[in-house]
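For reference, the chains in residue letters:
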Amino acid sequence: MSTTTVQELTAVTAPEPFWTRQRRLGVALTLLGVLAAAVFGALAPGETARFTLSDNAEGAAISINGQLGAVLFGLLTLAAGGVLLAGLAKRWSTLLLGLGVLTFVLSFLCWQVAGQFMPLVDILSGTVQLALPLILGALAGVLGERSGVVNVAIEGQFLMGAFAGALVGTMAGSVWAGLISAAVGGVIIAAILAVLSIRYLVDQTVVGIVLNLFALGITGFLYERLMQPDAEHYNAPPQMPTWKVPGLSDIPVLGPVLFNATGLLWLALALVLIIHFGLNRTRWGLRTRAVGEHPTAADTVGIRVRGLRYLNVLLGGIVAGLGGAYFTLVATGSFTKNMTAGAGFIALAALIFGRYSPFGAFAAALFFGFAQKLAFYLSAINSPVPSQFLSMLPYLATIVAVAGLVGRVRAPAADGIPYVKG
Amino acid sequence: MAERRLALDPLHQVQHRSREIPLKLELRGITKRFGDLVANDHIDITVEPGEVHALLGENGAGKSTLMNQLYGLLQPDEGQIVVNDEPKVFRSPRDAIASGIGMVHQHFMLVPVFTVAENIALGAENVRGGPLGWLDRRRARREVIETSKRFGLPVDPDALIEDLPVGAQQRVEIVKALTRDVDLLILDEPTAVLTPQETDELLAVMRSLTEMGKSIVFITHKLKEVKKIADRITVIRRGQVVGTASPDTSEDELAALMVGRAVSLEVDKTPAEPGRAVLQVKGLIVDDDRGIRAVDGVDLEVRAGEVLGIAGVQGNGQTELVEAVMGLREVRAGTVELDSENLAGLSTKRILRSGVGYVPEDRSHDGVVKEFSVAENLILDMYDSTPFGNAIRLDTSRIASNAKERVAQFDIRCQSADTAVGTLSGGNQQKVVIAREMSRPLKLFIASQPTRGVDVGSIEFIHGQIVHERDQGTAVLVVSSELDEVVNLADRIAVMYRGRILAIVSPDTPREAIGLLMAGVTSEPAAVAPVEEDAPVEEAAAEEEAGGAGEEGTK
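Residues numbered from 1 in each chain as written. Chains lettered and ligands numbered in written order. Predicted model: local features only at pLDDT ≥ 70, side-chain atom pairs only at ≥ 80, totals over all residues. Heavy atoms only, no water.

### With respect to the overall build of chain B
From N to C terminus, chain B includes 20 helices and 23 strands. Scaling as 2.2 N^0.38, a compact globule of 555 residues should have a C-alpha radius of gyration of about 24 Å, and chain B matches this with 26 Å. With the C-alpha coordinates aligned to their principal axes, the bounding extent of chain B is approximately 80 × 55 × 50 Å. Out of the 555 residues belonging to chain B, those deemed buried represent 56%. Contacts in chain B between residues at least 24 apart in sequence constitute 68% of all its contacts with a sequence separation of at least 6. Looking at chain B as shown, the accessible area adds up to about 24000 Å², and 50% of this sits on carbon and sulfur atoms. If you average the places of the 62 positive and of the 88 negative side-chain charges in chain B, the two averages end up 6 Å apart. (Helix = DSSP H or I, 4+ residues; strand = E, 2+ residues; numbered from the N terminus. Rg over C-alpha atoms; globule rule 2.2 N^0.38 Å. Buried < 20%, exposed > 50% of the residue type's maximum accessible area, 1.4 Å probe, protein only. Contact = heavy atoms within 4.5 Å. Areas by Shrake-Rupley, 256 points an atom, 1.4 Å probe, with all protein chains shown as cover. Lys, Arg positive; Asp, Glu negative; His and termini not counted. Charge placed at Lys NZ, Arg CZ, Asp CG, Glu CD.)

Right under this line is the structure:
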């Protein structure tokens with residue numbers, strides 16, 4: 001009797017290695033938990049930590065004994081790490097990871113705030129404000145990279161946007177003219193990036209770096225020659241008005257953060273949604289992703305690969321330029337040399353940490369914004385922890401992300417590779 | 001106004017034709033030059049409605065260039081494409097599709113991280129919401145299912161391409177073309193990645209498509225398939241049409257037409273005289289680049305003076321197996337021994353120096369340095385040792401004289417030994433690799449896809465060299481996804497499937513049986529002719545080896 005069998009794929013399954021990603025994360029969280037419970041707990045004074053629900057010391061507050069809080073939250077981190085390490089609750093590993101990180105941060109805060117107060121509204125609105133340009137910059141990156149063009153020139157686009165916004169805003173006396181010019185400023189850099197990398201096949205990272213230097217040089221030069229001598233006529237742009245939504249802005253904590261804000265914040269939030277659904281649900285998005293993953297396949301079904309890449313890089317220029325407008329039209333009120341100070345690179349980090357997706361980039365930008373705000377807060381309360389530790393967080397997080405500790409970051413397959421027909 | 005907007009919009013829709021006339025295609029005097037090279041020289045071909053028209057030619061004969069012009073990916077320098085007596089100019093694939101011409105490329109044009117339905121919809125998406133271009137995913141799925149039913153090509157619209165086996169990916173490609181309502185389908189080397197069974201299925205699909213009035217241009221260099229399916233055959237050599245033939249032309253005649261002279265399709269060789277086991281692989285486990293198990297417990301033995309062929313569809317672990325033996329990939333578990341000396345963990349350089357010759361499967365990436373001259377490529381593995389040089393300097397005169405010798409000995413056709421290897425034809429590049437690897441005293445010679453992308457003339461020569469090396473007493477391991485090649489060369493055939501050796505069979509085993517093994521179907525051991533254990537040569541070998549071989553044969 002002849003028996004015929006097809007060798008099944010399951011026959012080749014290898015035994016799962018013991019050190020899965022979850023277990024490795026579990027070890028990391030467990031160590032953080034021990035650090036929090038033991039070190040933070042030991043260092044924390046046994047005084048009350050007050051988290052006020054306003055932007056000052058007044059009003060209702062959540063209070064907890066600093067030492068108790070530090071130990072308690074540290075133990076929770078430890079518990080989350082332990083569950084991961086034991087290989088339990090595999091489906092919830094992302095949630096547990098989030099929980100572990102959150103409780104670690106809370107433990108740290110209990111230690112720091114003990115004997116003091118932390119105004120939550122101020123912290124949150126600071127976080128959102130600092131994250132705002134990062135969100136826009138990272139979205140610009142998403143647009144370019146998902147279509148296959150690496151954009152390390154976000155910093156340059158920020159600077160051009162900030163500069164153009166300040167200059168035209170002042171000269172026209174209109175913040176809206178400033179906003180449009182900022183977008184144009186971003187598009188100029190984007191256009192050079194697009195032409196050099198798509199048309200002339202120059203290495204995209206090199207072009208990006210050169211463009212950053214170019215933007216720094218030209219805005220610095222014009223600032224010194226034009227703006228500084230006559231700031232009144234060239235460098236005093238009107239500021240974006242803060243709009244208060246009646247009713248919604250009275251929601252505790254979140255109300256003043258989200259509904260007593262500039263239109264730029266709402267635009268950024270809207271863009272996160274628009275780009276997310278655009279990429280995943282529309283014809284433009286499908287084609288953009290195809291061009292970023294397998295341009296030859298896109299070409300053979302009649303999609304204009306280069307045209308679509310141009311379109312996306314230029315759209316990204318608009319978004320990044322608007323991000324640049326934040327610096328002069330929202331945050332400070334005037335342009336100064338190299339005022340973006342590396343924010344474009346943090347946006348790039350947010351893009352990668354957020355795995356090239358709009359929501360991911362948004363979350364990463366908020367996280368980095370929070371780290372920056374926390375750094376300001378810590379130096380304001382004379383914390384013994386150097387604020388530089390927190391400033392380095394975005395870069396550290398990106399290294400962690402790229403090293404694959406938080407799951408594999410998979411860039412679009414054709415990212416950075418110019419498309420040549422035939 | 002609408003026209004203008006359409007022209008400026010890079011996202012605009014491919015216009016569908018609503019036409020039920022069968023398609024007649026004429027290519028008139030198509031000429032395409034790349035610099036000095038004339039890739040297509042005044043080619044005239046007519047494809048009648050409902051026929052399978054085979055385009056037969058060697059690698060580099062200009063078949064793909066011709067088809068890329070027909071599909072709008074390249075534009076001809078001269079000549080005309082005429083569809084139903086109407087001259088057409090195809091500026092992009094969009095124009096070709098609009099005229100009813102579709103193409104399935106040799107390297108599939110599918111986005112791996114997209115679903116089947118997304119890939120099929122791409123470029124011809126159904127959208128709602130006007131300028132928003134909201135994808136109508138339900139309709140996309142439905143269309144895939146409908147087309148797949150109508151033509152009898154089962155595909156799952158929700159599967160991710162990267163999870164599908166190549167055979168299924170090819171069906172997706174065909175469905176993709178058919179949903180675009182094409183009447184002429186170009187299939188570029190469609191059988192290169194298929195098992196013999198999958199090939200038969202494809203041929204049946206082609207037959208049923210032509211019965212529905214579609215025409216097919218079938219590009220290939222495999223004579224057997226051409227004879228099986230084609231209604232008419234056009235043979236192309238060096239960019240020119242050298243003849244048309246009917247399917248009853250004999251294989252030898254077709255081959256002669258293709259190559260330009262009589263060639264022998266069989267390899268001349270005497271029975272093997274295997275000696276001691278030179279390479280012994282036991283329980284080998286290797287992972288691929290993604291960390292997925294590629295070789296899952298392989299036991300192998302290659303004896304002096306025999307050719308062991310590894311047959312299998314590409315991607316079943318052959319590449320990783322060879323790389324692990326060569327020290328190019330980490331050995332997870334198991335042993336690799338050359339004359340009882342452990343190779344696992346040694347550097348590739350040490351392995352090469354201990355008497356192993358290696359022809360890698362990807363010639364242009366791993367076999368040669370294209371920008372280097374023939375002479376330099378011939379000493380890539382010996383540049384730092386006598387007689388060609390030492391740690392500090394190269395002995396250029398020795399290198400030149402060595403090159404002269406090898407070029408003559410291995411019939412490498414090049415202007416001079418100083419020519420960059422990249423400018424040579426595939427066959428001559430491969431001869432450079434083989435010449436280099438065979439110039440050292442060898443115990444073991446490993447050749448992966450030794451004749452991929454190589455012209456028939458060079459194939460003959462290379463096969464001859466491999467058999468010659470065997471006759472010198474070297475153990476030879478040949479890995480090829482071309483079953484014909486394995487059957488012709490090997491003295492024993494190991495069939496590899498999903499990281500395992502399913503069986504070791506004799507080359508006299510019926511092709512169908514080997515084909516089934518390649519598809520992972522194992523039947524009772526008796527159904528497959530095992531290697532003859534009582535071959536007289538076996539007795540000369542050490543007893544334990546005879547026992548080992550017998551065990552493998554019946555596994």
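### Here we look at the sheet that holds strand 2 (residues 37-47) of chain B
Residue and element names in this part refer to chain B. Spatially, the 4 strands line up as an open sheet ordered 2-1-4-5, and their pairing is antiparallel. Sheet topology places strand 2 and strand 5 (86-88) at the edges, where each strand pairs with a single neighbour. Each strand of the sheet is rotated relative to its neighbour by a mean of 30 degrees, with strand direction disregarded. Relative to strand 5, strand 4 (residues 78-83) runs antiparallel, the two sharing 3 bridges. Bridge pairing in strand 5 places Val83 opposite Glu86. (Pairing = 2+ DSSP bridges. Axes fitted to C-alpha atoms, helices over the stretch in contact; angles between N-to-C directions.)

### Some remarks on the packing of aromatic side chains
Evaluated as defined, the whole model comprises 14 aromatic pairs over all chains. Look at Phe163 of chain A and Phe335 of chain A: their rings are 5.3 Å apart centre to centre, the planes differ by 80 degrees, and that puts the pair in the edge-to-face class. Highlighted residues: Phe163 of chain A in helix 5 (residues 154-172) and Phe335 of chain A in the loop between helix 13 (305-331) and helix 14 (343-353), separated in sequence by 172 residues. The class for Phe163 of chain A is buried, based on a relative accessible area of 6%. You can call Phe335 of chain A buried: its relative accessible area is 0%. Centroid distance Phe367 of chain A to Phe368 of chain A: 5.8 Å. Interplanar angle 45 degrees. Geometry classified as tilted. A residue is classified by how much of its surface remains accessible, and Phe368 of chain A, at 0% relative accessible area, is buried. Of the aromatic side chains, those joined through ring pairs into one cluster are Phe40, Phe104, Phe108 and Trp111 of chain A. We note Arg199 of chain A situated over the ring of Tyr200 of chain A; from NZ or CZ to the ring centre the distance is 5.1 Å. A cation over an aromatic ring shows up here: Lys431 of chain B above the ring of Phe461 of chain B, its NZ or CZ 5.3 Å from the ring centre. (Phe/Tyr/Trp six-rings, centres within 6.5 Å; stacked < 30°, edge-to-face > 60°. Lys NZ or Arg CZ within 6 Å of the ring centre and 35° of its normal.)

### Looking at the domain arrangement of chain A
Residues and elements named next belong to chain A. Parsing chain A into structural domains produces domain 1 (16-115) and domain 2 (121-370). For domain 1 and domain 2, the distance between their C-alpha centres works out to 34 Å. Where domain 1 abuts domain 2, roughly 360 Å² becomes buried across the two surfaces, and 75% of that area is made up of carbon and sulfur atoms. At the surface where domain 1 touches domain 2, the tally comes to 0 salt bridges. Counting the contacts that link domain 1 with domain 2 gives 1 residue pair in polar contact (both at pLDDT 80 or more). Each residue belonging to the side of domain 1 that touches domain 2 can be placed in one class, and the counts come to 2 nonpolar, 2 polar and 1 charged. (Domains from an automatic or database assignment. Buried area = accessible area lost by both parts, 1.4 Å probe. Salt bridge = Lys/Arg side-chain N within 4 Å of Asp/Glu carboxyl O. Polar contact = N/O pair within 3.5 Å; in protein donor to acceptor, adjacent residues only side chain to side chain. Nonpolar A, V, L, I, M, F, W, Y, C, P; charged D, E, K, R; others polar.)

### Quick look at the confidence of the model for chain B
Do not read the predicted coordinates in detail wherever pLDDT is low. Residue and element names in this part refer to chain B. With 90% of its residues at a pLDDT of 70 or more, chain B has an overall mean of 86. Low confidence marks residues 525-530, where pLDDT is under 50. Its contacts with residues over four positions away, or in another chain, come to 11 contacts. Segment residues 532-555: pLDDT under 50, and 28 contacts once partners within four positions in sequence are set aside and those in other chains are kept. Across the predicted assembly, pTM comes out at 0.80 and ipTM at 0.86. (pLDDT = per-residue confidence, 0-100.)

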